[in-house]
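Structure at a glance
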Amino acid sequence: MSSQDGAWTRAWEAARPRLAHFCRGLADLVLPPLAHDAAEAMGAAGLTAGAFSRVTFLEDPVCDGCGAAFEHDGGAFAEVRCAACVAKPHAFARARAACVYDDASRMMILRLKHGDQQQFAPLFARWLERAAAPLLTDCDAVAPVPLHRLRLLSRRFNQAAEIARPLAKAANRQFLPDAVIRTVRTASQGGKSARGRRLNVKSAFTVTPAGARAVHGRRVLLVDDVLTTGATAEACAGVLLNAGARAVDLAVVARVRAARTLPT
């Protein structure tokens, strides 16, 4: 390659992002993007103002261990963890959620999960960029909670992976889509007690040999859509730690409003 060829290559690489940005802007001008939740033209991809206003985003202060909101800001000397997380910490070290799991967020999550509306995945990833910023800064790699292969076949995609992929890319972290696999096709967690959920996912996950090499000595950010009791995330975190991960944190799109109760 001549020096002139090299100069053209460098010039093209430098100009390509600006050209792509210009082309996207031109396309949006001619064909404005539609809102994710309605057939309404938007200046940029996202939710309508009404849908956005109904989402209950979680803001600090939140429990560092489970991501639940504290009712009051106790100031500089307040505990950073709720009483339940102090008494019985999760297997994952820290957790953050972008919003509360309620009617507004449930509708969007189900449209992604069961309605094949994958436009919600990058939106949720952007929410987690903000909500889980400290966890992203500290992690070495990002891994999704996996689906069993038969469920993946019927659903065609893993919603946690579709959220985790752009999240890892935005944070410039390694994406590990297959580090953890689900070896047991468990029943749905819906309607089960906390104990029932734990038993349902017990021994359901494993870390692949390649996954073990990828997570050894590293801090992993586990990504899922919803946090209720934490049983699924606990099971995944446990196998990652057993495989040699230095620590596991958790980022979810939504979590139930109530904080954990003290163990009895």
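Now for a look at the structure at hand. Note that this is a predicted model, so its numbers are computed, not measured.

**Focus on the packing of aromatic side chains**
Under the defined criterion, the tally for this structure stands at 4 aromatic pairs. Between the aromatic rings of Phe52 and Phe57, the centroid separation amounts to 5.2 Å while the plane-to-plane angle is 40°, which identifies the pairing as tilted. On the numbers, 4.9 Å between centres and 80° between planes, the contact of Phe57 with Trp127 is edge-to-face. With Phe57 in the loop between α2 (49–54) and α3 (83–87) and Trp127 in helix α5 (residues 120–131), the pair connects residues that are 70 residues apart, well separated along the chain. The rings of Phe52, Phe57, Phe120, Phe124 and Trp127 are connected pair by pair, giving a single aromatic cluster. A cation over an aromatic ring shows up here: Arg106 above the ring of Tyr101, its NZ or CZ 4.9 Å from the ring centre.

**Concerning the packing of α5 against helix α8 (residues 159–171)**
Relative to each other, α5 and α8 sit at 50°, their axes nearing to 8 Å. By the angle between their directions, the pair α5 and α8 is classed as oblique. By crossing handedness, the relation of α5 to α8 is classed as right-handed. Taking contact as the criterion, the partners of Ala121, Pro122, Phe124, Ala125, Leu128 and Glu129 in α5 are, on α8, Glu162, Ile163, Pro166, Leu167 and Ala170.

**Here we look at the nonpolar core**
One finds Phe124, Trp127, Ile163 and Leu221 to be the most contacted residues of the largest nonpolar core, which totals 33 residues. Those elements that place two or more of their residues in this core are β1 (95–100), α4 (103–113), α5, α6 (133–138), α8, β6 (219–227) and β7 (247–255). Considering each element in turn, this core owes the most residues, 8 residues, to α5. The contacts of Trp127, once residues within four sequence positions are left out, are Leu47, Val55, Phe57, Ala98, Cys99, Met108 and Val253. Counting 29 residues, the second largest nonpolar core, distinct from the first, contains Val145, Ala214, Leu227 and Ala233.

Rules and cut-offs
Residues numbered from 1 in each chain as written. Predicted model: local features only at pLDDT ≥ 70, side-chain atom pairs only at ≥ 80, totals over all residues. Heavy atoms only, no water. Phe/Tyr/Trp six-rings, centres within 6.5 Å; stacked < 30°, edge-to-face > 60°. Helix = DSSP H or I, 4+ residues; strand = E, 2+ residues; numbered from the N terminus. Lys NZ or Arg CZ within 6 Å of the ring centre and 35° of its normal. Axes fitted to C-alpha atoms, helices over the stretch in contact; angles between N-to-C directions. Parallel < 35°, antiparallel > 145°, perpendicular 65-115°, else oblique. Left-handed = near helix turned anticlockwise from the far one by under 90°. Contact = heavy atoms within 4.5 Å. Core = buried A, V, L, I, M, F, W, Y, C linked by side-chain atoms within 4.5 Å. Buried < 20%, exposed > 50% of the residue type's maximum accessible area, 1.4 Å probe, protein only.

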